[in-house]
Amino acid sequence: MKIRKAVIPAAGLGTRFLPVTMSVPKELLPIIDRPQLQYVIAEAVEAGVEEVIIVTSPEKESITDYFRPHLELEQRLADNGEQALLDRVTEAGNMARVSFVVQHEALGLGHAVLMAKDAVGDEPFVVILPDDIISQAPGAHTPGAIAQMVQVSERVGGGVIAVEESPWEVIHNYGVVAGTPVSDPASHGRIVKIEGLVEKPAREQAPSNLTIVGRYILPPEIFGLLERTEPGAKGEIQLTDGLLALIQDHDLFAYRFDGKRFDGGTPMGLLRASLAFALDRDDTREDALAILREFQDSTSETA
Ligand code: UTP
């Protein structure tokens, strides 16, 4: 079934990015010149998504503001014949239909997703965490991660969550899946039928080294399950608990996507993403390489 809608939770506190997140939402922090939020919307649109539902908080009006028309600026750029800049200004608003729902208190990722229940309705949808930035695998024909997941979901028939193989030393930082590989020749051993999920396990207790990345294709039944999910330790409703309830009656698959994930939720992760994207973009590659060389030279001088 076609995935038409994406839910992007963006109402969190962004504590790992304090102090800047006191006034700038993490989701608007830039990779080069566009907010990270815009990259994940582009990835969704490439996969056929037509409507994006952003979950924001009352303190994050700047997110809504980013997507509204900026008429005065647009008029001035049009009058000056600055078409390239005008295209940049209107890009975000033209990518997809964007709507907003408010999560009044940051009560967890599961709770944020639940806020989009009415906007999604009775159809499968994709949840995208905007601080998991994924760059496309090299090669002109490799689709983005969500597009790959949509294809997998059509083939295996069920929900799909993105995973990556992580080093065992860092497993305790992530959600980890347990399951059985699916024999699907087209996916080259990348699909696992999920039988369990563990949040942040100790290395010895981890059922695998497949860690969850912020892309989930889910059936609408997840909403009812989240409504019945009790808040966990910090009073938060966790998406993982909803997923554990989901696998009792629904097929859910983990898919090891082709692509590279960056952690845009931390300062150094966003710096890495910025460098990687700058090296990948025709108009910034040379400057990025020059910066790298400059730093390499100055560190070897001081060594
Ligand atoms: P994170 O845990 O990465 O974001 O949630 P956070 O809570 O904002 O950041 P830290 O951990 O304090 O540094 C993943 C995504 O889910 C959203 C966040 O905005 C982020 O985009 N989220 C999280 C919500 O929308 N509501 C919540 O209650 C929690």
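Rules behind the numbers
- Residues numbered from 1 in each chain as written.
- Predicted model: local features only at pLDDT ≥ 70, side-chain atom pairs only at ≥ 80, totals over all residues.
- Heavy atoms only, no water.
- Buried < 20%, exposed > 50% of the residue type's maximum accessible area, 1.4 Å probe, protein only.
- Helix = DSSP H or I, 4+ residues; strand = E, 2+ residues; numbered from the N terminus.
- Pairing = 2+ DSSP bridges.
- 1 Å grid on protein atoms, 1.4 Å probe; cavity = no way out; pocket = protein on both sides within 12 Å on 5 of 7 lines; lining within 4 Å.
- Points joined across faces, edges and corners; volume = space filled by probe spheres on them.
- Nonpolar A, V, L, I, M, F, W, Y, C, P; charged D, E, K, R; others polar.
- Near = heavy atom within 4 Å.
- Polar contact = N/O pair within 3.5 Å; in protein donor to acceptor, adjacent residues only side chain to side chain.
- Areas by Shrake-Rupley, 256 points an atom, 1.4 Å probe, with all protein chains shown as cover.
- Sits in = over half its atoms within 2 Å of the grid points.
- Salt bridge = Lys/Arg side-chain N within 4 Å of Asp/Glu carboxyl O.
- Phe/Tyr/Trp six-rings, centres within 6.5 Å; stacked < 30°, edge-to-face > 60°.

**A word on the pairing of strand S7 (residues 132–136)**
In terms of residue burial, S7 counts as a mostly covered element, since four of its five residues are buried. For S7 and strand S13 (residues 259–263), the ladder comprises five bridges, and the chain directions are antiparallel. Within S13, the position partnered with Ser135 by the bridge is Lys260.

**Overview of the layout of surface pockets**
Of the pockets and cavities examined, the largest pocket occupies roughly 1,300 Å³. Contributing to the lining of the largest pocket are 37 residues, with Arg16, Leu109, Leu129, Asp131 and Lys200 lying nearest its centre. Breaking the lining of the largest pocket down by element, the ones donating at least two residues are helix H5 (109–114), strand S11 (210–218), helix H9 (239–249) and S13. The biggest single contributor to the lining of the largest pocket is S11, with four residues. Class assignment of the residues belonging to the lining of the largest pocket gives a composition of 16 nonpolar, ten polar and eleven charged. Estimated volume of the second largest pocket: approximately 610 Å³. In this structure, the second largest pocket is lined by 25 residues; those nearest its centre are Ile134, Ser135, Gln136, Phe277 and Asp280. Taken together, the elements giving at least two residues each to the lining of the second largest pocket come down to helix H1 (36–46), S7, S13 and helix H10 (267–280). When residues of the lining of the second largest pocket are assigned to their parent elements, the largest contribution, five residues, is made by H1. Within the lining of the second largest pocket, the residues separate by chemical class into eleven nonpolar, four polar and ten charged.

**Remarks on the site of the ligand**
The environment of the ligand is formed by 18 residues, the closest being Ala11, Gly12, Thr15, Arg16 and Gln103. One of the backbone nitrogen or oxygen atoms of Gly14 is found 2.8 Å away from an oxygen atom of the ligand. Contact distances for the ligand include 2.8 Å between an oxygen atom and a backbone N or O atom of Gly108. Summarising the interface, the protein chains cover 83% of the accessible area of the ligand, which totals 560 Å² for the free molecule. Because more than half of its atoms lie within 2 Å of the grid, the ligand is assigned to the largest pocket.

**Brief notes about the pattern of salt bridges**
Taken as a whole and judged by the stated rule, the model has 18 salt bridges. With its nearest N and O atoms 3.9 Å apart, the salt bridge here joins Asp131 to Arg16. Of this pair, Asp131 sits in the loop between strand S6 (125–128) and S7 while Arg16 sits in the loop between strand S1 (5–9) and strand S2 (30–31), placing them 115 residues apart in sequence. Among the salt bridges present, the one from Arg285 reaches Asp282, with a minimum N-O distance of 3.0 Å. What makes Arg285 partly exposed here is its relative accessible area of 30%. The exposed category is assigned to Asp282, whose relative accessible area is 67%. Each of Asp33, Arg34, Glu91, Arg281 and Asp283 takes part in a single network of salt bridges with overlapping partners.

**Thoughts on the packing of aromatic side chains**
Aromatic ring pairs are reported here in terms of the distance separating the ring centres and the angle at which the planes meet. Scanning the entire structure with this criterion turns up five aromatic pairs. Judged by centre distance (5.2 Å) and plane angle (75 degrees), the rings of Tyr39 and Phe277 are edge-to-face. Within this pair, whereas Tyr39 is found in helix H1, its partner Phe277 is found in helix H10, the two being separated by 238 residues in sequence. The exposure class assigned to Tyr39 is buried, which follows from its relative accessible area of 19%. Among the aromatic residues, ring-to-ring pairing joins Tyr39, Phe262 and Phe277 into one connected group.

From the geometry alone we can't say anything about function, so treat these as descriptive.
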